[in-house]
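# Fold and geometry: a report
Here are the chains, one letter per residue:
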Amino acid sequence: TKDRPVSRCSTSKNVARRGIRRCVNWTDRSIDGIVAGINIGVRLAGPLFICVGLTLIGFVTYTYFWHALPLMDLGGPAGQIGVTSIGVFLLVNALYNYWKTARMDPGLPPEINEEEEKLAEEIGGKLVPKQCLRCNRLKPPRTHHCSVCRRCVLKMDHHCPWMNNCIGQNNYRHFCLFLLYLATCCVFIILVYSLEFDESIFSLDTAAKECIHQRS
């Protein structure tokens, strides 16, 4: 009679443990499915991000040449050519580094050589490098497996959706140069527009105030 309560408690505990394990497994599978769906979405949306970025750059370039430049008073054609040359230089460098970052391979780790691995294991096993469990390649320090590109990347920094590519050992320099030239282009546009159109902006502001005052 004393064994029955103990057996019932043990069975109830086993049932509770099984239920918890099922919940944990179901949660893990759900999270893995959500993450996999997000990675697939990011991979499919990569070309769209590239088109949006190039469209924004093209729109700013079109606005400068067709609308802003004819209205600028930069001391004649020589001043317009000089300022425009600086802008074109910055734009060409930004697009070049953007193209190199997006198209260049970020860095692929080498495959594992079975003979070298066996030799290292015979020596003592300390020389055996880490191995990626997903793509079965060597995993040197700072190497990570990108779940979007489904490959390992040497010295991986992050996966950039605007580049549709990972930022790693080979294209990290071009990525930093692209950010530098892009920021310089933004500063160039702000300075040129603010110096040349401040009078028109303030004149529109005063005209609007006069119109509102007359109506009131």
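This write-up is about the structure you can find in this document. (Residues numbered from 1 in each chain as written. Predicted model: local features only at pLDDT ≥ 70, side-chain atom pairs only at ≥ 80, totals over all residues. Heavy atoms only, no water.)

## Notes on the state of the cysteines
Just so we agree on the cut-off: Disulfides are defined in this document as cysteine sulfur pairs within 2.5 Å.
All chains considered together, the criterion is met by 0 disulfides. Between C160, a free cysteine, and C166, which holds the nearest cysteine sulfur, the sulfur-to-sulfur gap is 9.7 Å. In this structure C186 is not part of a disulfide, and its nearest cysteine sulfur, from C185, lies 6.9 Å away.

## Focus on a nonpolar patch on the surface
Applied cut-off: Exposure above 30% relative accessible area and the absence of a salt bridge qualify a residue for a patch, where like charges join within 9 Å and nonpolar side chains (Val, Leu, Ile, Met, Phe, Trp, Tyr) within 5 Å. Here the open area of atoms and residues is found with the Shrake-Rupley method and a 1.4 Å probe, where only the protein chains shown may cover a residue. For this analysis, a salt bridge means a side-chain nitrogen from Lys or Arg found within 4 Å of a carboxyl oxygen belonging to Asp or Glu. In this text, helices come from DSSP runs of H or I with a minimum length of four residues, and strands from runs of E with a minimum of two, each type numbered from the N-terminal end. Whether a residue is buried, partly exposed or exposed follows from its accessible area with a 1.4 Å probe, protein chains only, as a fraction of its type maximum: under 20%, in between, or over 50%, in that order.
A cluster of nonpolar side chains, contributed by F59, V60, Y62, F65, W66, V88 and V92, occupies part of the molecular surface with about 720 Å² of accessible area. Elements that contribute at least two residues to the nonpolar patch include exactly α1 (3-68) and α2 (77-103). For the nonpolar patch, the element with the most residues is α1, which contributes 5 residues. Checked against the element boundaries, F59 lands in helix α1. By relative accessible area, F59 is classed as exposed at 53%.

## Side note on unusual backbone geometry
One non-glycine residue, K155, adopts positive backbone phi at about 50 degrees. Mapping K155 onto the fold places it in the loop between β2 (151-153) and β3 (158-160). The exposure class assigned to K155 is partly exposed, which follows from its relative accessible area of 40%. In this structure, N164 is a non-glycine residue whose phi angle is positive, near 55 degrees. Structurally, N164 can be placed in the loop between β3 and β4 (165-167).

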